[in-house]
Amino acid sequence: MRPFLTAAWLIARKDLTVEVRSREIVATTVFFAVSCTLVFAFSLVQEGRTVVDAAAGLLWIAIAFSGTLALGRTFERERFNDTLRALMLAPSDRPAIYVGKLLGILAMLLAVELVLVPLVGLLFQAPLLAHPGLIGALVLLGTLGFCAVGTLFAAMLVRTRSRDVLLPVVLYPLTIPVIIAGVRGTVAVLASPPDLAMAQFWIGLLASFDAVFILLALWTFEPVMTE
Amino acid sequence: MASTPNLQLPTPDTRGPTATGGTARLGVGVWALGIAIGALLFVMTPRMIALAPYESTMGLVQKIFYYHAPSGITMFLSAFVAGIAGLLYIFKRQPRYDRMCLAASELTVLFGAMVLITGPLWARKAWGVWWDWDARLTSSLLLWMMFVACLLVRRYGGPGGERLGAAIAAFGMVNVPFVYVSVNIWRTLHPKTTVVPSLAPGMRGVFWICTLGFVVLYTLLLTTRARLERQRAMAEDLHLALEERSTQS
Amino acid sequence: MDFDRISFTNVSRYFERRRALSHVTLECAGGEIVGLLGHNGAGKSTLLSIAATLLRPSAGEIRYGTAAFDDAGPDVRRRIGVLGHETQLYGELTATENLRFFASLYGMNRIEDRVALALSRAELSRRAHDAVSGFSRGMRQRLALERALLHEPRLLLLDEPFTGLDHHASLAMADRLASLAAEGRIVLLATHDLDLAERVVTRAAILRDGRLAAIHNDPRSLRARYLDAQIGTG
């Protein structure tokens, strides 16, 4: 167990070091998320007021789009110098590669969301920061679920043709439950008065989705990655 | 080098594309039985449907239900088959599991399309709108999308697309309960009249016969499609053997 | 676990309609430098990938000593070093960080000593803290070789290691490979460069269209024999 966690941690730390040096993924993804949100704002704000529930939906759309970008770019980096092969060659358990990449991407996306969540709250007058615990749990578990599925498929797509378009094609249908739970949970928190029971239900659903899919990904990672 | 090469069927590699544990041919008896049941049901069920009692509020239109619901059941069954076959292929690597997964994925899309066409047709007549985010239809749509994605990846993913397709099928199958729960809870916040009324006695028998008919049809389509893939693989093996002979001589 | 030889028995690998390798039988023992020669598409890289456990054979058997391919898990990977077409180095990290990362991943001890030694062997000690993206092709190749050797692998697999190297660097690499083989390692290298191959290999295996066309135990006059093998008269 220890070598597994050590390997995963080494890989995650390496990814974050690379990112801190180049700042490419976080910077471009934040900018993209902000542009996305602005486009939504132009479409949906009428006379300075927004459609009900728009904030929740738009937040999660922005998370999904940004997540897809970040996943694509992270694995493109590994493809460029064939370093993914070097990781596969290492004597560590191969699923540790999955966990390491997952943690790295999750950290990057959480950094993006630190900007995105307050921005959405601001632009759409949604009290997202009023219940930081619940919103934080929803965003964390939702992003984790999205990345759990995304990391596996982005890794599988590294050697594939048309990988740029196939990643969203694969990812969006498979992560619909995450988006539904995220949006409805956020709506429940934003309601006045906040529907805490409902929010907790959605958080629970996200947690079980994450558990099931991370386990499934760990189980299938090695066989799907070896040709 | 003067004589024409003697083409024999290559001895199958243990891991070649045609290596299977099963047979390519179904016994003649199974075929006959399948055709008989299929024909009987295609003759029997229309008659039974025509004679089934009219539902009180919706009248004739309700009878589309006899196609809609069994298609839905078959679609979910097919998704399950595809998912299991996908997992078997991922872990065991035998080509027959990949062929089964491909056939089942295609059939999931096919029966899903039937559900998604008959559903709105019925909804339009019954409730006046084509689509109203009914829980079951929405779940079917999402599952359908997952398997369309699976087929797209197999088609455009280049070499290695089968493993991806198998993984998507497996993940899609595991996703079914999550999709179902999330869509249902979402929709129960906006309650509406139930989609499928409880069946009157006269209808129940017809419904189950129709379902049986669909499942038999599905099984026939599945085995035929998988067999087609096997024959394609055998053709490729022959192609390879031919190439080898020509480079040898 | 350790092994003293790698043996391929009737190894085939195909991709859809194409047979990349067909019934290749070859054995390489410690102390040898076996050259894999052949055109592009002859199957050299495929054979190396299979030897590295990155690709499964479609048929045939590979053994690392007595261990079979299917049992080749982390223990076998620990004893394999690969220098591929790409450098497999992270451009944004420094030379030291790259080496340190892989050394930790391979569970090495005395990491700092090993890293320092590797850098000096690659003649990069003065550039130790510079990002790899700023290195020339030759520098990256030297660093990549040291990275592949960090964990003192028994089996060394090299795919076109001389590409992009100038004459001096190529000779240096050839000498390095010779000394590695002398230590008892198994060196399997794929190359186009017949002159260099002649210089450095102890045995030459010539691949043509995925088949093993010839094996020459005496690498001298490789060029003539290579051409023979390609035409089919050898």
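Since we're looking at a predicted model, the values are computed, not measured. (Residues numbered from 1 in each chain as written. Chains lettered and ligands numbered in written order. Predicted model: local features only at pLDDT ≥ 70, side-chain atom pairs only at ≥ 80, totals over all residues.)

1. So, the overall build of chain C
- Along its length, chain C carries eight helices and ten strands.
- On C-alpha atoms alone, chain C measures out to a radius of gyration of 18 Å, which is about the 17 Å that the 2.2 N^0.38 rule sets for 234 residues.
- Overall, the C-alpha framework of chain C stretches about 55 × 40 × 35 Å when taken along its three principal axes.
- By the burial criterion, 47% of the 234 residues in chain C qualify as buried.
- Across chain C, every contact between residues at least 6 apart in sequence was considered, and the portion connecting residues at least 24 apart equals 67%. (Helix = DSSP H or I, 4+ residues; strand = E, 2+ residues; numbered from the N terminus. Rg over C-alpha atoms; globule rule 2.2 N^0.38 Å. Buried ≥ 20, exposed ≤ 12 C-beta atoms within 10 Å, placed from the backbone. Contact = placed C-beta atoms within 7 Å.)

2. Here we look at the overall build of chain A
- Along its length, chain A carries nine helices and two strands.
- Scanning chain A from its N terminus toward the C terminus, one meets helices and strands in the order α-α-β-β-α-α-α-α-α-α-α.
- By the compact-globule yardstick of 17 Å for 227 residues, chain A fits well, its C-alpha radius of gyration being 18 Å.
- Counting only C-alpha atoms and orienting by the principal axes, one finds that chain A spans roughly 60 × 35 × 30 Å.
- Counting the 227 residues in chain A, one finds 53% classified as buried.
- Relative to all contacts within chain A whose residues are 6 or more apart in sequence, the contacts with residues 24 or more apart total 82%.

3. A few points about the interface of chain A and chain B
- At the junction of the two partners, chain A supplies 24 residues and chain B supplies 26 residues.
- For the side of chain A that touches chain B, the secondary-structure elements that each account for two or more residues are α6 (132–157), α7 (163–174), α8 (176–190) and α9 (196–225) of chain A.
- Ranked by the residues each element gives to the side of chain A that touches chain B, the list is headed by α9(A), at seven residues.

4. Description of α8(A)
- With 15 residues, α8(A) ought to run about 21 Å at 1.5 Å a step, and its terminal C-alpha atoms sit 21 Å apart, in line with that.
- Burial analysis of α8(A) places 14 of its 15 residues in the buried class, the great majority of the element. (Expected span 1.5 Å × (residues − 1).)

5. Focus: the packing of helix α3 (residues 54–80) of chain A against α6(A)
Residue and element names in this part refer to chain A.
- Between α3 and α6, whose axes approach to 10 Å, the crossing angle comes to 35°. In terms of crossing hand, the pair formed by α3 and α6 is right-handed. Taking contact as the criterion, the partners of I63, A64, G67, L71, G72 and F75 in α3 are, on α6, G142, T143, F146, C147, G150, T151, A154 and A155.
- Looking at the contact of α3 with α6 residue by residue, the class counts come to eight nonpolar, six polar and no charged. (Axes fitted to C-alpha atoms, helices over the stretch in contact; angles between N-to-C directions. Left-handed = near helix turned anticlockwise from the far one by under 90°. Nonpolar A, V, L, I, M, F, W, Y, C, P; charged D, E, K, R; others polar.)

6. Side note on the sheet that holds strand β5 (residues 67–68) of chain C
Residues and elements named next belong to chain C.
- Strand order in the open sheet formed by four strands is β2-β1-β4-β5, and the pairing between neighbours is antiparallel. Strands with a single pairing partner mark the edges of an open sheet, and in this sheet they are β2 (18–29) and β5.
- Where strand β1 (residues 5–15) and β2 come together, eight bridges link them in antiparallel fashion. Residue R5 lies in a different strand from β2, and its bridge partner there is A29. (Pairing = 2+ DSSP bridges.)

7. With respect to the domain arrangement of chain C
Residue and element names in this part refer to chain C.
- Splitting chain C by domain gives domain 1 (1–79 + 154–234) and domain 2 (88–152).
- The C-alpha centroid of domain 2 is placed 25 Å from the C-alpha centroid of domain 1.
- Every contact between the two is made by seven residues of domain 1 and, on the other side, seven residues of domain 2.
- Tallied by class, residues from the side of domain 1 that touches domain 2 come to four nonpolar, one polar and two charged. (Domains from an automatic or database assignment.)

8. Some remarks on the sheet that holds strand β6 (residues 80–83) of chain C
Residue and element names in this part refer to chain C.
- Ordered by their spatial adjacency, six strands build an open sheet running β6-β7-β8-β3-β9-β10, and the pairing between neighbours is mixed. Every interior strand has two partners, whereas the edge strands, β6 and β10 (211–216), have only one. Here the strands of the sheet are splayed against their neighbours by 15° on average, with no regard to which way each runs.
- In this structure, strand β9 (residues 203–208) lies alongside β10, joined through five bridges in antiparallel fashion.

9. Side note on the nonpolar core
- In this structure, V120(A), C101(B), I168(B), L157(C), V187(C) and L188(C) are the most contacted members of the largest nonpolar core, which totals 209 residues.
- The element that contributes the greatest number of residues to this core is α6(A), accounting for 16 residues.
- Two domains each put at least three residues into this core: domain 1 (1–79 + 154–234) and domain 2 (88–152) of chain C.
- Those residues within four positions of L188(C) in sequence are excluded, and the remaining contacts are C28(C), V34(C), L36(C), L48(C), A51(C) and L157(C). (Core = buried A, V, L, I, M, F, W, Y, C linked by C-beta atoms within 7 Å.)

10. Examining unusual backbone geometry
- Across the junction of S192(A) and P193(A), the peptide omega takes the value 0°, indicating a cis bond.
- Relative to the assigned elements, P193(A) resides in the loop between α8 and α9.
- Although it is not a glycine, W133(B) sits at a positive phi angle of roughly 60°.
- Topologically, W133(B) is positioned in the loop between α3 (95–127) and α4 (135–156).

11. Quick notes on the environment of A135(B)
All names here are of chain B.
- For A135, the position within the fold is in helix α4.
- Take A135: there are 18 C-beta atoms within 10 Å of it, and that puts it in the partly exposed class.
- Put simply, A135 and T188 are 53 residues apart on the chain and 8.3 Å apart in space, counted from C-alpha to C-alpha.
- Excluding anything up to four places from it in sequence, A135 contacts V183, N184 and R187.

12. Some details on the environment of L238(B)
Residue and element names in this part refer to chain B.
- Within the secondary structure, L238 is located in helix α6 (residues 201–248).
- A residue is classified by how many C-beta atoms lie within 10 Å of it, and L238, with 15 of them, is partly exposed.
- Taking C-alpha positions, L238 is 47 Å from I64, a pair spaced 174 residues apart along the chain.

13. Quick word on the environment of V11(C)
Residue and element names in this part refer to chain C.
- Relative to the helices and strands, V11 is located in strand β1.
- Classification of V11 as buried rests on a count of 25 C-beta atoms within 10 Å.
- Measuring from C-alpha to C-alpha, the distance between V11 and L171 comes to 32 Å, with 160 residues separating the pair along the chain.
- In this structure V11 touches L21, V24, I50, P57, G60 and I62, once residues within four positions along its chain are discounted.

14. Focus: the pairing of β6(C)
Residues and elements named next belong to chain C.
- Alternating residues of β6 divide into I80 and V82 and G81 and L83, and every residue in both groups is buried.
- In terms of strand pairing, β6 meets strand β7 (residues 155–159) through four bridges, oriented parallel. Bridge pairing in β7 links V82 to L157.

15. Here we look at helix α2 (residues 65–92) of chain B
Residue and element names in this part refer to chain B.
- For α2, built from 28 residues, the straight-helix expectation of 40 Å at 1.5 Å per residue is met to within 8% by its first-to-last C-alpha distance of 40 Å.
- In terms of burial, α2 is largely enclosed, as 21 of its 28 residues are buried.
- Positive phi shows up at R93, right after α2, with a value of about 65°.

16. Considering the confidence of the model for chain A
- Mean pLDDT over chain A stands at 91; residues scoring 70 or higher make up 97%.
- Per-residue pLDDT, averaged within each element of chain A, yields its smallest value for strand β2 (residues 49–50) of chain A (63) and its largest for α6(A) (95). (pLDDT = per-residue confidence, 0-100.)

17. Some points on the packing of helix α2 (residues 24–44) of chain A against α3(A)
Residue and element names in this part refer to chain A.
- The interhelical angle for the contact between α2 and α3, taken along N-to-C directions, is 150°, at an axis separation of 9 Å. Looking at the two axes, α2 sits roughly antiparallel to α3. Read as a crossing pair, α2 and α3 show a hand that is right-handed. Two secondary-structure elements touch here, α2 through I25, T29, F32, A33, C36, T37, F40 and L44 and α3 through A54, L58, A62, F65, S66, L69, A70, R73 and T74.
- Residues that form the contact of α2 with α3 fall into these classes: twelve nonpolar, four polar and one charged. (Parallel < 35°, antiparallel > 145°, perpendicular 65-115°, else oblique.)

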